[in-house]
Amino acid sequence: MATFVPDAENVKAKALQAFVQEFGVEAVICACAPGRVNLIGEHTDYNEGFVLPMALPMVTIIAGRPNNRKDCKIISLNENIGSLRQVEFDISVKENIKTGEPKWANYIKGCIAYFPYDLSGFDAVIVSTVPVGAGLSSSAALEVATYTFLEAMTGHKLEKTEDKALACQRVEHDFAGVPCGIMDQFISVMGKEGCALLLDCRDLSTKHIPMKEINDYVFLITNSNAPHKLSSSAYCKRRDCCYEAVKKLNIKSLREATIDSIDVLKSQNVSEEMLKRARHVINEIQRTINATVALEKGDFVQFGHLMNESHESLRNDYEVSSKELDTLVAAAREVNGVLGSRLTGAGFGGCTVTLLEKRAIDNVIQNIKAKYTGTPSFYIAKPANGAREMDIKC
């Protein structure tokens, strides 16, 4: 019943085979980048707090070779990206690269436009196991895989890995029009097998957090397959509410606030909405720190408890959950062997992440299917590696 993600080597083999079928020659370069799930630390990034994501075994792979021209021909084998699966465009003048249709190609165009070294044209095939629209960062996986492919093709890499993540974030801002934070690109670049990544969103410092004694546990990611209901205006309203609280507290960000700051806001007769939003962020930042300590100790029970607290806060104080997500979380928690479950991502759709004992996987899936009226998808994951060039030998 459980959905195990195909190994990256199997995905690579599919990409290499597809390239031969499409172009009649063998690929000479293959690059890979993962999706991600945020374990805890939600809506803390734009408040200069902490996030704790891990890289997933779901990956985007690009296989290709230079064509010694100044144009690119790229074919995507991915589903749910529309009917346009092939794109060709000129790269002779990077400044002339423009966005257009299909939209998925804009991420690739942006990486080429912002790559700081000279490029020849190339032909490529894209294969991905990162589900599109699930909140598992398929866009960052595509950006980072593309950038890694360009590095492999030219033999040039940026000196600092964080600069690669920042370049890919800029692509998403400018070529996709999405004002995303930095977490997705950072974890896709810097993921490490067996580790979560603690990212300080104030100074962009990172620390790999080994998951000690994880062998008996896994993370079950459940895609609600419900449309995202959190509009950009609702997102901005919550963000702006946090920024207004910061002004009233006369601090730089809610990272500097403490739980006592809630009393300060109360004394100013601010709205109940502002109190709730600030309370979530302040507590969530501390929860993320506590969760990191729990992981370092191998205390998965405590980590699961903090995941549960995070969901309650996102539901009650930040109000970004939904009936679908609450149902998935409640159904998971009913099963013996589940340590914690929460929504992950911005909310109002997308996925939940559940920490559980391996022996409980099938029981959890059965219970969710019995209680949830939608059609969920399930992915079983442990923390995986980040972006890398892959050996083309199968």
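Residues numbered from 1 in each chain as written. Predicted model: local features only at pLDDT ≥ 70, side-chain atom pairs only at ≥ 80, totals over all residues. Heavy atoms only, no water.

Looking at an unreviewed UniProt entry, one finds the protein named Galactokinase, with Vespula pensylvanica as its source organism. Here the protein is described in UniProt, under the heading Sequence similarities (unreviewed entry), as follows: "Belongs to the GHMP kinase family. GalK subfamily." (UniProt positions renumbered as here; feature names shortened; annotations may be inferred.)

Participant: Just checking my understanding: could you explain the UniProt feature "domain: GHMP kinase N-terminal" (unreviewed entry) in the protein for this structure?
Facilitator: The sites that carry the UniProt feature "domain: GHMP kinase N-terminal" (unreviewed entry) are, in the present numbering, residues 106-192. Within the segment residues 106-192, helix and strand shares are 56% and 8% respectively, and the terminal C-alpha atoms sit 28 Å apart. (Helix = DSSP H or I, 4+ residues; strand = E, 2+ residues; numbered from the N terminus.)

Participant: Sorry, what's going on with the domain arrangement of the protein here?
Facilitator: It is common to report an interface's size as the accessible area lost on association of the parts. Each assigned domain of the protein is listed here: domain 1 (8-210 + 383-389) and domain 2 (217-381). Inter-centroid distance (C-alpha atoms) of domain 1 to domain 2 is 27 Å. The partner domain 2 presents 42 residues to the 31 residues of domain 1 that form the contact. Here domain 1 meets domain 2 over a buried area of about 3,000 Å², counting both sides, of which 65% is carbon and sulfur. (Domains from an automatic or database assignment. Contact = heavy atoms within 4.5 Å. Buried area = accessible area lost by both parts, 1.4 Å probe.)

Participant: Please clarify how the packing of helix H7 (residues 260-267) against helix H8 (residues 272-297) should be interpreted in this entry.
Facilitator: Helix-helix packing is characterised by the crossing angle of the two axes and by the distance between the axes. For the pair H7 and H8, the least separation of the axes is 10 Å and the interaxial angle reads 165°. When the axis of H7 is compared with that of H8, the two are roughly antiparallel. In terms of crossing hand, the pair formed by H7 and H8 is right-handed. Residues Ser-261, Ile-262, Leu-265 and Lys-266 of H7 pack against Leu-275, Ala-278, Arg-279 and Ile-282 of H8. (Axes fitted to C-alpha atoms, helices over the stretch in contact; angles between N-to-C directions. Parallel < 35°, antiparallel > 145°, perpendicular 65-115°, else oblique. Left-handed = near helix turned anticlockwise from the far one by under 90°.)

Participant: Can you help me understand the packing of aromatic side chains in this one?
Facilitator: Given two aromatic rings, their pairing is described by the distance between the two centres and the angle made by the two planes. This model, assessed by the stated rule, comprises 7 aromatic pairs. A ring pair is formed by Tyr-114 and Phe-175, whose centres lie 5.6 Å apart and whose planes are at 90°; its orientation type is edge-to-face. Taken together, the residues span a long stretch of sequence, with Tyr-114 in helix H2 (residues 104-114) and Phe-175 in helix H4 (residues 161-175) at a distance of 61 residues. Counting every residue linked through ring pairs, the aromatic cluster contains Phe-115, Tyr-117 and Tyr-147. Between the NZ or CZ atom of Lys-109 and the centre of the ring of Phe-89, over which it lies, the distance is 5.4 Å. Seen from the ring of Tyr-114, Arg-170 lies directly overhead, with NZ or CZ sitting 3.7 Å from the centre. (Phe/Tyr/Trp six-rings, centres within 6.5 Å; stacked < 30°, edge-to-face > 60°. Lys NZ or Arg CZ within 6 Å of the ring centre and 35° of its normal.)

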